[in-house]
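Summary of the model geometry
Below, each chain spelled out in residue letters.
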Amino acid sequence: MPTGNVEMTRLASIAVPLPQIDLLSYRVPDGLDTPAVGARVIVPVGTRTMTGCVVALEEVPEGEERASPGELRDLIDVLDSEAYLPADVLELAAWVAEYYLCGPGEVVAGAAPPTAWAESRRVVSLTGEGRRALSPDAGVPLGGLARTALELAAAAEHIPVSTLRSRLEKAAGAGPRPPLASIVRTLERLGLVAVSQVIEGDRVAYKTERIVELTAQGSDVAGRLAEAGTAGRLGPKQRDIIGALAGAPGGLPASALRRMGLDVSGLRRPGLRDLVSIRHARVDRDPFAGPWGRVGRTSELPVEADLTPEQAAAVERLGERLDAASFHVALVHGVTGSGKTELYSRLAARAVKSGRDALVLVPEIALTPGVAAVFRARFGDRVAIQHSGLSVGERHDQWQRIRRGDVDVVVGTRSAVFAPLPRVGLIVVDEEHDASYKQDESPRYNGRDVAVVRGRQSGALVVLGSATPSMESYSHAKRGRYEMVTLGRRVLDRPLAAVRTVNMRDEFAETGPDHVLSRALSDAIQARLDRREQVLLLLNRRGYSTSVLCRQCGATLDCPNCSVSLVVHGRSLAVCHYCNHARRVPRTCASCGGPFLELIGHGTERVEAEVRAAFPLARVARLDRDTVRHRGAAADVLAKFGDGDVDVLVGTQMIAKGHDFPRVTLVGVISADVGLGLADFRAAERTFQLLTQVVGRAGRGESPGEAIIQTVYPDHYSIQLACRQDYPAFFDEEIAFRRAMHYPPVVALINGIVRGPDHAGAMAAAGELVRSIRSRMTDRSLTVLGPAPAPVARLKGEHRAQFFLKCAPSARNRMRAAVRDALRDHTDLRRRITIDVDPLSIL
Ligand code: ADP
Ligand code: ZN
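Note that residues are indexed from 1 along each chain, following the sequence as it is written. Chains carry letters and ligands carry numbers; both start at the beginning, A for chains and 1 for ligands, and go up in the order they are written. Only residues with pLDDT of 70 or above have their local features reported here, since the model is predicted, and side-chain atom pairs are shown and tallied only from 80 upward, although totals for entire chains, interfaces and linings are computed over all residues. To obtain the side-chain values, all non-hydrogen atoms of the structure were included, while hydrogens and water were left out.

On to the sheet that holds strand β30 (residues 664–669). When DSSP finds at least two bridges between two strands, those strands are taken to pair. Helix and strand assignments come from DSSP, with helices taken as H or I runs of at least 4 residues and strands as E runs of at least 2, each series counted from the N terminus. Strand order in the open sheet formed by six strands is β21-β31-β30-β22-β29-β28, with parallel pairing between adjacent strands. Two strands lie at the open edges of the sheet, namely β21 (498–503) and β28 (620–623), each paired on one side alone. Neighbour-to-neighbour, the strand axes of the sheet open up by a mean angle of 20°, direction not taken into account. As paired elements, β30 and strand β31 (residues 706–711) share four bridges and run parallel to each other. Note that in β31 the partner of V667 across the bridge is A707. Packed on one face of the sheet, helix α17 (residues 504–511) meets β21 and β31 and runs near 50° to β21. By the convention used here, residues are in contact when the closest approach between their heavy atoms is within 4.5 Å. Every axis in this analysis is a line fitted to C-alpha atoms, fitted for helices over the stretch in contact. Angles between the N-to-C directions lie between 0 and 180 degrees. Sitting on the sheet, helix α19 (residues 604–614) touches β22 (534–538), β28 and β29 (648–651), and the angle it makes with β28 is about 175°.

Set out below in structure tokens:
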């Protein structure tokens, strides 16, 4: 664009969906209109072509752009005529990249469905000229691979260059590799083929359906059919179709006709051809029609049910905050079964009534159907769901519905915090303490914390809800930064479950070692089976047994790639939970040759087997990561349990969360000690949360609940206080520990891991990075621990060194800036470093 006499160059900063890469700068070439900020564009990155997103635009006088390092390349194409990602979502993504020290592109990529970023591919298609060249009487002499290439291109609309290459290589046989690039270039120059870019994702993005509708003539015929019962030469099958369409003014999808048992194969044949028209229309896939749609609430509450006094007071108080339409955070500490979901739903109604939207986050895919059902009861179709358990197409459709403004409420997991809702007035984070909100791969953001930032950005009320709040949120609430709202009683004054512990040391002493079920728990299960009530059994460890031990020499069966022992599955297969290395359990010890190998420590598979053996008539199911490998499996198990087709459900923490199953009257914890032994500062907090949550699954219906906790540490404060379900007392104990040991939330923490091919290399690189960080931060409150070998010192064949950075919360930003600067100076290490800001686990 000329300004005076100076030619200006248009530059675009692009976020590309690759990890740990800064924004890339491109020139907008003369032939292209300047794209909008937020629009998707196609750009070259190295030798690849990718879809990226415009984050910023600027114009510089021609010549001056050379100041930027490296060769400036041109945008290839602009995909959207306006912003694809709205400005506030881009701004949120930028905040996340800054705070969590990751690349902006990887955050932006996660803010839209995968179809948005599909890599474009180069494809070859035959031109008319090319088609003529292939015909037998063509004058062009075409031989060998060139002809083969044309024939391959002729077989379809287009063929990807990569496919063409492999086919030609096959056709060339064992000889030298064919010069494919020059073959295609020559054919292109001769005008026989065209080479172009296609976006792979767009084909699956929208789903269209054939809609069949009566034409004017068809309507006449339908009228005569209805009156006289005859209509010319139509056969019975054709009459049925006309009859069905006569009742549907807007037409019917062909699939619906087929479901009605009608034959739709003859729609285009004489007879019907003039009577019906067929058009293609976009349809939104309905995720509620899929496997997750069946996991609903079994106890549907009428939309205008009376609130409990506590619920009503909370709706009143928070409703006023909502009406004020400015940023505010409230922590709803409500015991399990106090009706928090109903509270969220009433608040959402208030937000929607004032013309704003509600965003509801749940920690896990399995919880979305239940919560979404409550919102669907109130808001009908104006609810969208967003989580990675949906098919790619469903995700795309749901996202587009949100973007178009077709919904008022979004229910989803972590990444739904980026949902493109235009006017967010309420953000709910249910089970805000849950570790699933933290993404355990880059970008390592915590969805709860990002939700608070989004709330600040859009002036929304943020409601964090939990029966066992995180130490972070509860201390904010205690110090008045968040408003504290307490729901201390269950709905309908239902009592909390009665909890008791069984000391497994005593049990082993009396009945022999290695029992899975104590006598007390067995008796309680039998009583539930007799009364046709349901039982949940928790063990937070999957597999059959946790290790294989040689009783002769003490050796364990370890992973060759990782410094961990292999976990036995199905009795005879030993698997590494970190790298998936698998082998058969040997008959003899590899170290001493002795035959006395023993399976040590039980997992959920063993519990399932023991329960089946002890209660042969019970219907038993298991829910853990191994049983939900394929899409819909978890939904299946939960739906069966909800329908009463399963008596005993065994599982890991997946069964502990949020679910509302009113027929569960007994919860058994096989071992409360699984997490306590871990050298993680959150071990006690995790144990308290898990126990309180799972105990809270009992007695949510008419019959009171009971919980039995098996442990060898019955005196540990997290177990004792979970039994009493006394959160405030737990908080006081735990915060004293964090203060004494300098752990969050008392300090800000960053966890760093540096990988290397050997131990010394990893430690040296980590040491260098730590020195570089230290030199940039003079803050007195900064403490650096390490580097030291990480708890899992070897992972997937790589050695790992770990370090911690701690500082006063007020110095948090300075600490992050020091790390960012140090990383900039060590780009050579980038691929070997993992930086976790506000880690939830340091293992
Ligand atoms: P929480 O999330 O606090 O554990 P839920 O929101 O799952 O609790 O509610 C527990 C049960 O109580 C649900 O079955 C819900 O339908 C029911 N419920 C909620 N509010 C009321 C109310 N005011 N009166 C009667 N039942 C209610
Ligand atoms: Zn391994």
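Having seen it, we continue.
As for its placement among the helices and strands, S470 is situated in the loop between β19 (461–466) and α16 (471–478). Taking C-alpha positions, S470 is 36 Å from L529, a pair spaced 59 residues apart along the chain. The contacts of S470, once residues within four sequence positions are left out, are E432, H433, R448, E685, Q689 and Y727. Engagement of the side chain of S470 in a polar contact is seen with the side chain of S473, the distance being 3.1 Å. Polar contacts, as used here, are pairs of N or O atoms within 3.5 Å; protein pairs need one atom able to donate a hydrogen and one able to accept it. Residues neighboring in sequence count only if both atoms are side-chain atoms.

With that out of the way, let us pick up the environment of D449. Mapped onto the fold, D449 is located in helix α15 (residues 447–458). A sequence separation of 353 residues divides D449 from V96, and the C-alpha atoms of the two residues are 9.8 Å apart.

What follows is about the pairing of strand β5 (residues 48–61). The pairing of strand β2 (residues 6–15) with β5 spans eight bridges and is antiparallel. Across the sheet, residue I14 finds its bridge partner in β5, namely V54. Sheet analysis places strand β4 (residues 40–45) next to β5, joined by six bridges and oriented antiparallel. Among the inter-strand pairings, P44 is bridged to a residue of β5, identified as T49. Once β4 ends, the chain turns through two residues before running back antiparallel as β5, passing G46 with a positive phi of about 60°.

Each metal site lists N, O and S donors within 2.8 Å (3.2 Å for Na, K and Ca). With water left out of the atoms, a site can look as if it is missing ligands. Around the zinc ion (ligand 2), the protein supplies C559 (SG), C562 (SG), C576 (SG) and C579 (SG) as donor atoms, at distances of 2.2 to 2.4 Å. Every geometry call rests on angle ranges, with four donors termed tetrahedral when all angles are between 85 and 135 degrees, four termed square planar and six termed octahedral when opposite donors are over 155 degrees apart and all others are between 65 and 115, and everything else termed irregular. One way to put it: the four donor atoms around the zinc ion (ligand 2) meet at angles of 102 to 113°, and that makes the site tetrahedral. Read from N- to C-terminus, the donor residues coordinating the zinc ion (ligand 2) fall into the pattern C-x2-C-x13-C-x2-C. Grouping residues by exposure puts C559 and C562 together as buried. Under the scheme applied here, a residue whose accessible area is under 20% of the maximum for its type counts as buried, over 50% as exposed, and between as partly exposed, the area being computed with a 1.4 Å probe on protein chains only.

Attention now moves to the nonpolar core. Buried Ala, Val, Leu, Ile, Met, Phe, Trp, Tyr and Cys residues that are joined via side-chain atoms within 4.5 Å together make up what is termed a nonpolar core. The biggest cluster of nonpolar side chains holds 116 residues, and the ones touching the most others in it are L85, V410, F418, L623, F803, L805 and I835. Considering each element in turn, this core owes the most residues, seven residues, to helix α1 (residues 87–99). Counting residues in hydrophobic clusters, the runner-up holds 30 residues, among them V360, V362, I385 and L390.

Remark: helix α11 (residues 309–324) packs on helix α12 (residues 340–353), axes separated minimally by 10 Å, with the N-to-C direction vectors making an angle of 35°. Here α11 and α12 pass one another in a crossing that is right-handed. Contacts from Q311, A314, V315, E316, L318, G319, E320, L322 and D323 of α11 reach α12 at E342, L343, R346, L347, R350 and A351. Residues are grouped as follows: Ala, Val, Leu, Ile, Met, Phe, Trp, Tyr, Cys and Pro are nonpolar; Asp, Glu, Lys and Arg are charged; every other residue, Gly included, is polar. For the contact of α11 with α12, the per-class residue count stands at seven nonpolar, two polar and six charged. Rotating anticlockwise by less than a right angle from the far helix to the near helix defines a left-handed crossing, while the corresponding clockwise rotation defines a right-handed one.

Another aspect to go through is the state of the cysteines. Sulfur atoms of two cysteines make up a disulfide when they are within 2.5 Å. Evaluation of the coordinates by the stated rule reveals zero disulfides. Note on C553: no disulfide assigned, nearest cysteine sulfur contributed by C589 at a separation of 3.7 Å. The thiol of C592 is unpaired, and the distance to the nearest cysteine sulfur, on C550, comes to 3.6 Å.

It is worth spelling out the pattern of salt bridges at this point. Salt bridges are defined by distance alone: a side-chain nitrogen of Lys or Arg within 4 Å of a carboxyl oxygen of Asp or Glu. Scanning all chains against the criterion turns up 46 salt bridges. Across the pair E151 and R147 runs a salt bridge, and its minimum N-O distance is 3.8 Å. Of this pair, E151 and R147 both sit in helix α4 (residues 144–154), four residues apart, which is roughly one turn of that helix. With relative accessibility at 42%, the residue E151 sits in the partly exposed group. Close ionic contact of D357 with R423 constitutes a salt bridge, the shortest N to O distance being 3.1 Å. With a gap of 66 residues between them, D357 in strand β15 (residues 357–361) and R423 in the loop between β17 (409–412) and β18 (424–430) connect regions that are remote in the sequence. The exposure class assigned to D357 is buried, which follows from its relative accessible area of 1%.

So, on to the site of ligand 1. The environment of ligand 1 is made up of 19 residues, and the closest members are D306, Q311, G337, K340 and D660. The separation between a nitrogen atom of ligand 1 and a polar main-chain atom of D306 is 2.8 Å. Shrake-Rupley sampling with a 1.4 Å probe provides the accessible areas, and residues are treated as covered by the protein chains on show and by no other component. Protein burial of ligand 1: of its 570 Å² of free accessible surface, 91% is covered by the chains. Per-element tally for the shell around ligand 1: the top contributor is α12, with three residues. Nearness of a residue to a molecule or strand requires only that one of the residue's heavy atoms be within 4 Å of it.

What follows concerns unusual backbone geometry. Residue P443 is reached from S442 by a cis peptide bond, and omega for that bond is -5°. On the secondary structure map, P443 appears in the loop between β18 and α15. Put simply, P744 and P745 share a cis peptide bond, and its omega is 5°. For P745, the position within the fold is in the loop between α23 (727–741) and β32 (748–756).

With that settled, the discussion passes to the pairing of β31. Of all the six residues making up β31, six are buried; the element is thus mostly covered by neighbouring parts of the structure. Burial along β31 is two-sided: the residues E706, I708 and Q710 and A707, I709 and T711 are all buried. Summarising the sheet, β21 and β31 pair through six bridges and their orientation is parallel. The residue bridging V499 from the neighbouring strand is A707, located in β31. The definition of a right-handed crossover adopted here requires that, viewed with the strands pointing away, the path from the first strand over the helix to the second runs clockwise. Regarding topology, helix α21 (residues 683–695) serves as the crossover connection from β30 to the parallel β31, and that connection is right-handed.

Here the focus is helix α18 (residues 519–530). A helix is expected to span 1.5 Å for every residue after the first. Here α18 contains 12 residues, and its C-alpha end-to-end distance of 17 Å stays within 8% of the 16 Å for a straight helix at 1.5 Å per residue. Within the span of α18, buried status applies to L521, S522, A524, I525, R528 and L529. Relative to the axis of α18, the buried residues are bounded by an arc of 165° and lie together on one face. α18 presents D523 and D530 as exposed residues on the side facing more than 90 degrees away from its buried surface. In this structure, the buried side of α18 is in contact with β22, β29, β30 and β31. Once α18 finishes, R532 follows within two positions and takes phi at roughly 60°, a positive value. The arc in question is formed by the directions pointing from the helix axis toward the C-beta atoms.

Time to look at the sheet that holds β32. In spatial order, the strands read β33-β34-β32-β35; together these four strands make up an open sheet with antiparallel pairing. Two strands lie at the open edges of the sheet, namely β33 (783–795) and β35 (833–837), each paired on one side alone. Taking the axes of each pair of neighbouring strands and ignoring which way they run, one obtains an average angle of 20° across the sheet. Sheet topology places β33 next to strand β34 (residues 798–807); seven bridges connect them, and they run antiparallel. Within β34, the residue paired with P789 across the bridge is A801. Sheet strands in contact with helix α25 (residues 812–825) are β32, β34 and β35, and its direction is about 20° off that of β32.

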